[in-house]
Amino acid sequence: MSKVTKAMIMSAGVGSRLEPLTREVPKPLVPIANKPVMDILFEKLHSIGIKDVICNTYYLAQKIIDRYSNNNIDINFNYIQEETLSGTAGGLKKCQNFFKPGETFVVLSADGLTNADLEKGIEIHKNSNAIATIGIKQIDKSQVQHFGVVVTDKNGFITEFQEKPPIEEAKSNFINTGIYIFDYKIFEYIPENTFYDFAKNVFPKLLEEHAINTFEVNEYWSDIGTLEQYKQSTQDLFNGEYEFVHSKIITCPQGCYISESNIDNTVEFIGNSTIGKNTIIGKNTVIENCIIWDNVKIGSNLHISDSIIASNCIIDNNIKNEYITLDFLKV
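Residues numbered from 1 in each chain as written. Predicted model: local features only at pLDDT ≥ 70, side-chain atom pairs only at ≥ 80, totals over all residues. Heavy atoms only, no water.

Engineer: Mind showing me how you'd approach the sheet that holds strand S23 (residues 314–315) here?
Structural biologist: Think of a sheet as strands paired side by side through backbone hydrogen bonds, with each pair either parallel or antiparallel. Taken together, the three strands give an open sheet; going across it, the order is S17-S20-S23, and neighbouring strands pair in parallel fashion. At either end of the open sheet lies a strand with only one pairing partner, and these are strand S17 (280–281) and S23. Pairing of S17 with strand S20 (residues 297–298) involves two bridges; the strand directions are parallel. Directly across from Ile281, in S20, lies its bridge partner Ile298. (Pairing = 2+ DSSP bridges. Helix = DSSP H or I, 4+ residues; strand = E, 2+ residues; numbered from the N terminus.)

Next up, the structure:
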């Protein structure tokens, strides 16, 4: 069985649900434990032998291009720069020349965090003769209205999709994780120069041909598509629900933190927080369940709680449940 060596990461989205954080930082570069989500994805792919990766870029594209054109992850970074958004499938179509006829490849979303067993998914896909295989995850039925629900037959092939159905109408509690394994034939189902989505346009055609298989993601999966999900994903890391390489977790009497900066020994941590590079926190300040990016200055004798502070901000007041960015401070 030939090895999969290529992948695409869908990286064009504006990330509007993560505003104000994404006004100056594209969603793929939003950090989890001080590491951009795209870094984590690249490391995941590299760990299973996938080194050739292409990304479709659009929003703040140059920041993504600059970061990965010379990377230390041993990824051969390729990209296209879209002038207009073309949908999930349309973006893949623009990358078609990167892949070879007959080739199987992986497609991931740039906002997905997972320890999914991609190698298992690839094996299931290749043994099924499907054109597409989707990673699906079982969730609590009370949450199905927030996701794309997948209905399968006894062999794991998809028979129906339900997009964010009411709880009482959901026919399944398995959801689409946005982890895809495709055969090159997928390009036959996507027209050129057309706005085209997997869910709305491609998958309905494949359903008619009974050509979409699934593999179950039993491991951790989350996306950072909203501010609340972003905060929760950081907490999940401290709770040991998923793993990637990051700086050491430091334990304190009332909490834990991960930091890329030197922290004064009078700073008190409550709950779980992450601190970026070149960040200064004043004496006797309390940091409680916060995500603090790079180059932030926080004054002394403050209490900063349940907040996200983006890079280059200066904080000299107590804050709680805030999302602070540089442009916010300038208003």
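Engineer: What is the right way to look at the packing of aromatic side chains in this model?
Structural biologist: Geometrically, a pair of aromatic rings is defined through the distance of the ring centres and the angle of the planes. Tallied over the entire structure, the rule returns 20 aromatic pairs. With a centroid separation of 5.5 Å and 20 degrees between ring planes, the pair formed by Tyr180 and Phe182 is classed as stacked. Relative accessible area serves as the criterion here: at 7%, Tyr180 is assigned to the buried category. The class of Phe182 is buried, set by a relative accessible area of 0%. Put simply, the rings of Phe98, Phe99, Phe105, Phe161, Tyr180, Phe182, Tyr184, Phe187, Phe198 and Phe203 touch in pairs and so form one group of aromatic residues. (Phe/Tyr/Trp six-rings, centres within 6.5 Å; stacked < 30°, edge-to-face > 60°. Buried < 20%, exposed > 50% of the residue type's maximum accessible area, 1.4 Å probe, protein only.)

Engineer: I'm lost on the pattern of salt bridges in this one. Help?
Structural biologist: Oppositely charged side chains are able to pair whenever their charged atoms sit close together. Across all of its chains, the model carries eight salt bridges by this definition. Among the ionic pairs, Asp111 bridges to Lys27, the shortest N-O distance being 3.0 Å. Residue Asp111 is located in the loop between strand S6 (104–109) and strand S7 (112–114), and its partner Lys27 is located in the loop between strand S1 (6–11) and strand S2 (31–32); the two are separated by 84 residues in the primary sequence. As far as the burial class goes, Asp111 and Lys27 line up, both buried. Between Lys51 and Asp74 there is a salt bridge, with the nearest N and O atoms lying 3.1 Å from each other. In this pair, Lys51 is assigned in the loop between helix H1 (37–47) and strand S4 (52–57) and Asp74 in the loop between helix H2 (61–68) and strand S5 (76–81), connecting sequence segments 23 residues apart. Overall, Lys51 belongs to the partly exposed group, its relative accessible area being 35%. (Salt bridge = Lys/Arg side-chain N within 4 Å of Asp/Glu carboxyl O.)

Engineer: Please explain the layout of surface pockets as it appears in this structure.
Structural biologist: A probe matching the size of a water molecule, rolled over the atoms, marks out where space remains unfilled. The calculated volume of the largest pocket comes to roughly 1500 Å³. In terms of lining residues, the largest pocket is bounded by 47 residues, among which Arg17, Lys27, Thr88, Ser109 and Asp111 are the most central. Mapped onto the lining of the largest pocket, the elements with two or more residues apiece are S1, helix H3 (87–93), S6, S7, strand S10 (158–163), strand S11 (174–183), helix H5 (198–208) and strand S13 (221–223). In terms of residue count, the dominant contributor to the lining of the largest pocket is S11 (five residues). Its residues assigned to classes, the lining of the largest pocket comprises 18 nonpolar, 20 polar and nine charged. Estimates place the volume of the second largest pocket at around 620 Å³. (1 Å grid on protein atoms, 1.4 Å probe; cavity = no way out; pocket = protein on both sides within 12 Å on 5 of 7 lines; lining within 4 Å. Points joined across faces, edges and corners; volume = space filled by probe spheres on them. Nonpolar A, V, L, I, M, F, W, Y, C, P; charged D, E, K, R; others polar.)

Engineer: Even after reading the chapter, I still don't get the pairing of S6, so can you show me in this structure?
Structural biologist: A regular strand places its side chains so that they alternate between the two faces of the sheet. Counted residue by residue, S6 has five buried out of six residues, so it is predominantly covered. Judged from the four bridges that link them, S1 and S6 form a sheet pairing that is parallel. The residue of S6 that forms the bridge with Ile9 is Leu108. Strand direction decides the pairing type here: S6 and S11, joined by four bridges, are antiparallel. Paired with Val106 across the bridge in S11 is Ile181.

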